[in-house]
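# A closer look at the structure
Each chain, written out:
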Amino acid sequence: MEQGSNFMRLKVSAALLKKLMLILILLYPVLFIFQGGDLTDAGSHATTYQNFFKNLQLGEVRSLRFLSDLTGALWFKFFPNSGIIGLKLLYLIFFYPVVFITYFLLKGVAKNRLFLLTGVFCGVVFATRSINFVFNKDIASWFFLILTGFFILNGLNTGKLKSFYFSGILFVFACLSRFPDIVLILLLPFLLILCKMHHCKTISLKCLWQAIKQYLIFIAGMLTILIIIQFVFKYFNIYDTYIKNLDVVQESANSNNVSSYSMINLIKSYLREGIIFLPYLLSVTSLILTTSLIYEYSKIKKKYLPFVIFIFSIFFTALFVFRNFSYSGNIKYLVPAFCAFPLLMSLINKDRFSKIVAVFCVIGLTQALGSNTGLFLKLSRGFIVLIPLSLLILSEKKQIKFENIRILTKPVLITGISFILFFSLVARLGWIYHVDSGLTCRFRCIYSIEHQKMKGILTTKENAQHIKQLCIAINLNINEGKNLFIYGHQPMFYYLTESFPPVKEFWLENNTVQVDELFFSLEESIASTGNYPLIVDTKQNILGDKGQVRLEQFLNKYGYRCKLEHSDFNIWDHR
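The sections below set out a description of the structure shown in this document. (Residues numbered from 1 in each chain as written. Predicted model: local features only at pLDDT ≥ 70, side-chain atom pairs only at ≥ 80, totals over all residues. Heavy atoms only, no water.)

## Re the overall build of the chain
Looking only at helices and strands, the chain has 24 helices and 10 strands in total. A globule of 575 residues ought to have a C-alpha radius of gyration of about 25 Å, and the chain, at 26 Å, matches this closely. For the chain, the C-alpha atoms occupy an extent of roughly 85 × 55 × 50 Å along the three principal directions. By residue count, 54% of the 575 residues in the chain fall in the buried class. Taking the intrachain contacts of the chain between residues at least 6 apart in sequence as the baseline, contacts between residues at least 24 apart amount to 72%. By element, 64% of the accessible surface of the chain is carried by carbon and sulfur atoms, the whole surface being about 27,200 Å². Of the charged side chains in the chain, 57 are positive and 32 negative, and the gap between their average positions amounts to 16 Å. (Helix = DSSP H or I, 4+ residues; strand = E, 2+ residues; numbered from the N terminus. Rg over C-alpha atoms; globule rule 2.2 N^0.38 Å. Buried < 20%, exposed > 50% of the residue type's maximum accessible area, 1.4 Å probe, protein only. Contact = heavy atoms within 4.5 Å. Areas by Shrake-Rupley, 256 points an atom, 1.4 Å probe, with all protein chains shown as cover. Lys, Arg positive; Asp, Glu negative; His and termini not counted. Charge placed at Lys NZ, Arg CZ, Asp CG, Glu CD.)

Laid out in structure tokens, this is it:
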């Protein structure tokens, strides 16, 4: 009787722990949506959504992210007073389904559901360590990509061709949210052939034909929904506008090294990151081997002090290596390097995890390719799936053998979970996207922003004052119907003052917009509309000395005078 009641207590405890872990997964992202005040990325997204329908009437849309921009614009239409906090909630509306799809994907291969939830939490903590939780093309794209991967995997496991058809439909929505996802069309045949080789154990014409048939059904799903979308676009008279602005070829083929999205710059960026990643991969793989050996030695000798000393020495060394709080922090290399070993071993050994590993490595790579911020930052969302998958592989095998190498997984697993959670949590706590950094930054971001559109957001005292002062200054100096041009990384003020940018590239970066191109666009806007925009210089000198000289030339040429000088900004108006 006593044994039975002990069993019941353990069972209840496990169930309770699962519920607590589920609550933690749900609660964790919400903890960080109220602190911010980012004027760059959030401002760019909000301004785009606010002006989407006006731009559509003018025949100008960003076709490379049409569906995500349309979603943001419709959100503002239905919830006009939601503001920036509304965009954060919209992000979570897309984010939570991604998390639960991940759990649903992996529960079939997980023997321990509690451990699976722990792995999912690790993935969530890592993937959200540096983002600002504002709805954008990346979360919309990943939502449709993970669904695409789910149906591909279902088709591979069940042999049902209709799953590939549905995956093709969902893939089109991913591409409409973020056009570079189109690269999956090239990657998918290799994935299907690889999975068929794993199933058939050898290459044969029959296996190749089955893979080709699956791919053709996928394409059929794509074509079906594309035809429907074409009719919908033509019905609403936006088809020609969408095609005209689908300038991915021009952008990618840019040979002047102006755009960070040019094919040349993207390849350079990926090669550079690959070179940076290689030492991390080699170091972490060596540490995995060493951890196993020292643990095995300690276990045989029944003296665990050497193992404890070894782990603590790694930890203190890692504190110096991964102390950077921003999204450029080296943890984005640490976690992929840690996961690479179990994922690769699964593929080599062709175990029961290998099919899902192959599918979501390809899906994760799809999300990352085409990004000008590098592969490893955008790969973070892919690790919502790949981290729990890696931990499951390690947890369900006491050891991994490869030729003469034997790895005891228990110490590697415990160390890996500890490092992923610790450094991801520190990164999340120590950096507020484009606002502040340091372990005390969240104590500094306690000031409300006095603007209806940023109601509910807490930021630093300096940032709150800057937003309030510049909004007041713009509203006092801008006339009705007048355009606004902000020279700096602060497009949020277009959104906050409900202004319409006179140039297409209103979010300026040194590696995206040339100085001459920028001011030519401004002059072209004046010539075509007769509207002299109010100029706000946020004193960030984002285009360097040449840009500052060109700005002064522009102001003199068109007879601008300085209406307001401030320590953070100057406002210029046409005489």
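## A few points about the side chain of Thr409
Looking at the secondary structure, you find Thr409 in helix 19 (residues 409-429). Polar contacts involving the side chain of Thr409 include one to the main-chain carbonyl oxygen of Leu394, which spans 3.0 Å. Among residues more than four places away in sequence, those in contact with Thr409 are Leu394, Lys397, Lys398, Gln399 and Ile400. (Polar contact = N/O pair within 3.5 Å; in protein donor to acceptor, adjacent residues only side chain to side chain.)

## Some words on the packing of helix 15 (residues 331-349) against helix 16 (residues 354-368)
Contact geometry for helix 15 and helix 16: axes closest at 8 Å, N-to-C directions at 120 degrees. Here helix 16 runs oblique to helix 15, going by the angle between their axes. The handedness of the crossing between helix 15 and helix 16 is left-handed. Across the interface between the two elements, Leu343, Ser346 and Leu347 from helix 15 touch Ser354, Val357, Ala358 and Cys361 from helix 16. Split into classes, the residues belonging to the contact of helix 15 with helix 16 amount to 5 nonpolar, 2 polar and no charged. (Axes fitted to C-alpha atoms, helices over the stretch in contact; angles between N-to-C directions. Parallel < 35°, antiparallel > 145°, perpendicular 65-115°, else oblique. Left-handed = near helix turned anticlockwise from the far one by under 90°. Nonpolar A, V, L, I, M, F, W, Y, C, P; charged D, E, K, R; others polar.)

## Things to note about the side chain of Lys378
Summarising the element assignment, Lys378 is placed in helix 17 (residues 375-378). A distance of 3.3 Å separates the side chain of Lys378 from the side chain of Asp138, its partner in a polar contact.

## Structural notes on the layout of surface pockets
The calculated volume of the second largest pocket comes to roughly 480 Å³. In terms of lining, the second largest pocket is formed by 19 residues, of which the most central are Cys361, Leu365, Leu379, Phe383 and Leu386. Listed by contribution, the elements that provide at least two residues to the lining of the second largest pocket are helix 9 (184-200), helix 13 (263-301), helix 15, helix 16, helix 17 and helix 18 (383-395). At 6 residues, the largest contribution of residues to the lining of the second largest pocket is made by helix 15. Classifying every residue of the lining of the second largest pocket gives 17 nonpolar, 2 polar and no charged. (1 Å grid on protein atoms, 1.4 Å probe; cavity = no way out; pocket = protein on both sides within 12 Å on 5 of 7 lines; lining within 4 Å. Points joined across faces, edges and corners; volume = space filled by probe spheres on them.)

## Side note on the nonpolar core
Among the nonpolar cores identified, the biggest contains 174 residues, and Phe95, Phe338, Phe360, Ile387, Phe493 and Phe554 are the most heavily contacted of them. Of all the elements, helix 5 (residues 83-106) adds the most residues to this core, at 14 residues. Not counting residues up to four positions away in its chain, the partners in contact with Phe360 are Leu105, Ile146, Gly149, Phe150, Leu153, Val385 and Leu386. (Core = buried A, V, L, I, M, F, W, Y, C linked by side-chain atoms within 4.5 Å.)

## Let's talk about the pairing of strand 9 (residues 560-565)
Where strand 9 lies against strand 10 (residues 570-574), 5 bridges are found, and the strand directions are antiparallel. Among the inter-strand pairings, Leu564 is bridged to a residue of strand 10, identified as Ile571. In this antiparallel pair of consecutive strands, strand 9 and strand 10, the connection spans 4 residues. (Pairing = 2+ DSSP bridges.)

## Details of the sheet that holds strand 7 (residues 484-487)
The sheet built from 4 strands is open, its strands ordered 7-8-10-9 with mixed pairing. Among the strands making up the open sheet, the edge pair consists of strand 7 and strand 9. Taken pair by pair, the neighbouring strands of this sheet meet at an average axis angle of 25 degrees, ignoring direction. This element, helix 24 (residues 544-557), spans strand 7, strand 8 (534-537), strand 9 and strand 10 of the sheet and lies at about 155 degrees to strand 8.

## Structural notes on the pattern of salt bridges
In this structure the tally under the stated criterion is 14 salt bridges. The partner of Lys332 in a salt bridge is Glu273, with the nearest N and O atoms 3.6 Å apart. Of this pair, Lys332 sits in helix 15 while Glu273 sits in helix 13, and the two are 59 residues apart along the sequence. Judged by its relative accessible area of 7%, Glu273 is buried. Within the structure, one salt-bridge network assembled from shared partners comprises Asp138, Arg178, Asp181 and Lys378. (Salt bridge = Lys/Arg side-chain N within 4 Å of Asp/Glu carboxyl O.)

## Quick word on empty space enclosed by the protein
In the structure shown here, the tally under the stated rule is 2 cavities of 30 Å³ or more. Each residue belonging to the lining of the largest cavity can be placed in one class, and the counts come to 9 nonpolar, 4 polar and 4 charged. Its boundaries defined by the atoms lining it, the second largest cavity holds a volume of some 40 Å³. Lining the second largest cavity are Phe322, Arg323, Asn324, Phe325, Ile331, Phe423, Val426 and Ala427. By residue number, the principal contributor to the lining of the second largest cavity is helix 19, which donates 3 residues. A per-class count over the lining of the second largest cavity returns 6 nonpolar, 1 polar and 1 charged.

Worth remembering: the numbers are spatial, not functional.
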